[in-house]
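Residues per chain, in single letters:
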Amino acid sequence: MKDKAGKMQGQAKQKMPEGQQQAQQSQQRGQQGQERGQQGQERGQQAQQRGQQAQERGRQAQERGRQIPERGRQNLDDAEQEMQDRFDQDYDA
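Reading guide: rules and limits
- Residues numbered from 1 in each chain as written.
- Predicted model: local features only at pLDDT ≥ 70, side-chain atom pairs only at ≥ 80, totals over all residues.
- Heavy atoms only, no water.
- Helix = DSSP H or I, 4+ residues; strand = E, 2+ residues; numbered from the N terminus.
- Rg over C-alpha atoms; globule rule 2.2 N^0.38 Å.
- Buried < 20%, exposed > 50% of the residue type's maximum accessible area, 1.4 Å probe, protein only.
- Areas by Shrake-Rupley, 256 points an atom, 1.4 Å probe, with all protein chains shown as cover.
- Lys, Arg positive; Asp, Glu negative; His and termini not counted.
- Charge placed at Lys NZ, Arg CZ, Asp CG, Glu CD.
- Salt bridge = Lys/Arg side-chain N within 4 Å of Asp/Glu carboxyl O.

Engineer: Explain the overall build of the protein to me, please; I cannot follow it from the model alone.
Structural biologist: Of the regular secondary structure elements, the protein holds 1 helix and 0 strands. Relative to a compact globule of 93 residues, whose C-alpha radius of gyration would be 12 Å, the protein shows 40 Å and is clearly more extended. Over its C-alpha atoms, taken along the principal directions, the protein stretches across nearly 135 × 15 × 5 Å. By the burial criterion, 0% of the 93 residues in the protein qualify as buried. Carbon and sulfur atoms form 45% of the exposed surface of the protein, whose accessible area is close to 9,000 Å². Side-chain charges in the protein split into 16 positive and 15 negative, and the spacing between the mean points of these groups amounts to 34 Å.

Structural data, given as structure tokens:
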């Protein structure tokens, strides 16, 4: 019995470093997973910011698109007014 217990104790002492090494590896894998999770979260935030910036650029382009026809209408109104003034000047003379 004593021999069997001593033998088992010796085997346990031999296997202890293996268990410690496995525990360290597991801890490292856990830390790596956590780091990857943080990187993924950062990428998600960056993508969200890019999406918001693109949306803002779209709004700005849409606003510019509205301004152009208004300028065109103003130019048309100015041209009509100029033609009317010339017409009036020609027939007043």
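Engineer: Looking at this model, I keep getting lost on the environment of Lys15. Mind explaining?
Structural biologist: Examined against the element boundaries, Lys15 turns out to sit in helix 1 (residues 2-92). Assessed through its relative accessible area of 56%, Lys15 is described here as exposed. For the pair Lys15 and Gly65, spaced 50 residues apart in sequence, the C-alpha to C-alpha distance is 74 Å.

Engineer: I tried to follow the pattern of salt bridges on my own but got confused; where do I start?
Structural biologist: Pairing between side chains becomes possible if they bear opposite charge and their charged atoms approach one another. One pass over the full model with this rule turns up 2 salt bridges. A salt bridge links Glu56 to Arg59; the nearest nitrogen and oxygen atoms lie 2.7 Å apart. Note that Glu56 and Arg59 are positioned in helix 1 at a spacing of 3 residues, about one turn of the helix. For Glu82, the salt bridge identified is with Arg86, shortest N-O distance 2.9 Å. With Glu82 and Arg86 both in helix 1 and 4 residues apart, this pair spans about one turn of that helix. The partly exposed category is assigned to Glu82, whose relative accessible area is 43%. Classification of Arg86 by relative accessible area gives exposed; the value is 51%.

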